[in-house]
Amino acid sequence: MVQRRVGNGLRWIADAYDNSFTLTLSEGLSPYELLRAVGAEDSRIVGLTRSAADLLLLRQEEDHISDLDFLDWEDEAAVARLTNGGFLPTPPAAIVRAGSVDGWAYALENSTFHTSTYLAALSERGRAFCVHRNAKGFSNVGYALGGQVVTFFEPGLPHLTSGAPPEETLSYVNRDKVGYAAFLEWLAAELDIYLPWEETEAELPAAAFT
């Protein structure tokens, strides 16, 4: 007998990233392939936890690296990896961390939306989705298929759609909930994806972008 998963597999992201976030899903790619598709070089990819990525994004260039509590600043090899990867000394504009789940690569960004620019490239092997919410409450969903962007829309505001209406291309109709959270619920059910919170907090391949 097949055991069904309990709870919603993506809805929690709306609460865990209570300021802003970007979630990207790319069908058929590995985490490293996703990072390469959005401009990363293999030699510059470094394993980072979510908390480490947040500290690197929030620090000031003049701050001493000893303030980074996840890093032994006297470990020259570790400092060199972060420096060569573009995480130090200047704080990067964006950090993309990537993992995989059920045949999909996923990427998470805290407050930035670097991956959304590459949605078409991320759909070369199938479907790709990008869900972004900024600190002002604006949300945007992108969908691409087979190397082509199909639609960008804001749930609940159809006049802001660029491309095909989501109710036609995705059979998605916004309900009386917060738009991006409702879409995350729908997407998890539609793709049968369950992304564990613990996995996304742990160390994942990460790339820095300026």
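One structure accompanies this document, and this report is about it.

Reading the values: rules and limits
Residues numbered from 1 in each chain as written. Predicted model: local features only at pLDDT ≥ 70, side-chain atom pairs only at ≥ 80, totals over all residues. Heavy atoms only, no water. Helix = DSSP H or I, 4+ residues; strand = E, 2+ residues; numbered from the N terminus. Rg over C-alpha atoms; globule rule 2.2 N^0.38 Å. Buried < 20%, exposed > 50% of the residue type's maximum accessible area, 1.4 Å probe, protein only. Contact = heavy atoms within 4.5 Å. Areas by Shrake-Rupley, 256 points an atom, 1.4 Å probe, with all protein chains shown as cover. Lys, Arg positive; Asp, Glu negative; His and termini not counted. Charge placed at Lys NZ, Arg CZ, Asp CG, Glu CD. Phe/Tyr/Trp six-rings, centres within 6.5 Å; stacked < 30°, edge-to-face > 60°. Pairing = 2+ DSSP bridges. Axes fitted to C-alpha atoms, helices over the stretch in contact; angles between N-to-C directions. Salt bridge = Lys/Arg side-chain N within 4 Å of Asp/Glu carboxyl O. Core = buried A, V, L, I, M, F, W, Y, C linked by side-chain atoms within 4.5 Å. Patch = residues over 30% accessible without salt bridge, like charges linked within 9 Å, V, L, I, M, F, W, Y side chains within 5 Å.

Here's the deal with the overall build of the protein chain
Piece 1. Of regular secondary structure, the protein chain possesses 7 helices and 9 strands.
Piece 2. For the protein chain, whose C-alpha radius of gyration is 18 Å, the value lies close to the compact-globule estimate of 17 Å for 210 residues.
Piece 3. Judged by the C-alpha coordinates and their principal axes, the protein chain covers about 55 × 45 × 30 Å.
Piece 4. For the protein chain, the residues scored as buried account for 47% of the 210 residues in total.
Piece 5. Within the protein chain, residue pairs in contact and separated by at least 24 positions form 65% of the contacts whose partners lie at least 6 positions apart.
Piece 6. Carbon and sulfur atoms make up 49% of the accessible area of the protein chain, which totals about 10600 Å².
Piece 7. Positive and negative charge centroids in the protein chain, built from 15 and 30 side chains respectively, lie 6 Å apart.

Quick look at the packing of aromatic side chains
Piece 1. Counted by the stated rule, this structure contains 9 aromatic pairs.
Piece 2. Ring centres of Y172 and F183 lie 5.0 Å apart, and the angle between their planes is 80 degrees; on these two criteria the pair is classed as edge-to-face. Here the residue Y172 occupies a position in the loop between α5 (166-169) and α6 (179-191), and F183 occupies one in helix α6, the gap between them amounting to 11 residues.

Re the sheet that holds strand β7 (residues 148-154)
Piece 1. If you trace the 9 strands from one edge of the open sheet to the other, you get β2-β9-β3-β4-β1-β5-β6-β7-β8, paired in antiparallel fashion. Edge positions in the open sheet fall to β2 (46-48) and β8 (157-163), since each of these has one partner strand only. Shown here is a sheet whose adjacent strand axes are inclined to one another by a mean of 25 degrees, direction ignored.
Piece 2. Pairing of β2 with strand β9 (residues 204-209), which is carried by 3 bridges, proceeds in the antiparallel orientation. Among the inter-strand pairings, G47 is bridged to a residue of β9, identified as P205.
Piece 3. Contacting β1 (21-27), β4 (104-109), β5 (127-133), β6 (139-145) and β7, α6 runs over the sheet at an angle of about 155 degrees to β5.

Re the pairing of β9
Piece 1. Of all 6 residues that make up β9, 6 are buried, and the element is covered over most of its length.
Piece 2. Across 4 bridges, the pairing between strand β3 (residues 94-101) and β9 is antiparallel. Counterpart to V96 in the pairing with β9 is A207.

Things to note about the side chain of R59
Piece 1. Looking at the secondary structure, you find R59 in the loop between α3 (50-58) and α4 (76-84).
Piece 2. No salt bridge is formed by the buried R59. Its closest oppositely charged neighbour is D63, at 5.3 Å.
Piece 3. With residues near it in sequence (within four places) discarded, R59 still touches H64, I65, L68, L88, P89 and P91.

Some words on the pairing of β4
The side chains of a regular strand alternate between the sheet's two faces.
Piece 1. Of all 6 residues in β4, 6 are buried, a share of seventy percent or more.
Piece 2. Side-chain alternation along β4 places W104, Y106 and L108 on one buried face and A105, A107 and E109 on a second face that is also buried.
Piece 3. Where β1 meets β4, 6 bridges bridge the pair, whose relative direction is antiparallel. Pairing of T22 across the sheet is with E109, part of β4.
Piece 4. In terms of strand pairing, β3 meets β4 through 5 bridges, oriented antiparallel.

Some words on the nonpolar core
Piece 1. If you look at the biggest cluster of nonpolar residues, it comprises 31 residues, and the most contacted ones within it are L10, I13 and F183.
Piece 2. Listing elements by their share of this core, those giving two or more residues are α1 (13-16), β1, β4, β5, β6 and α6.
Piece 3. A per-element tally of this core places α6 first, with 9 residues.
Piece 4. Excluding anything up to four places from it in sequence, I13 contacts F21, L23, L108, L184 and L195.
Piece 5. Counting residues in hydrophobic clusters, the runner-up holds 18 residues, among them L29, A105, L119 and A128.

Side note on a negative patch on the surface
Piece 1. Taken together, the side chains of D72, E74, D75 and E76 make up a negatively charged region of the molecular surface.
Piece 2. Relative to the assigned elements, E74 resides in the loop between α3 and α4.

Just distances and angles here, no functional claims.
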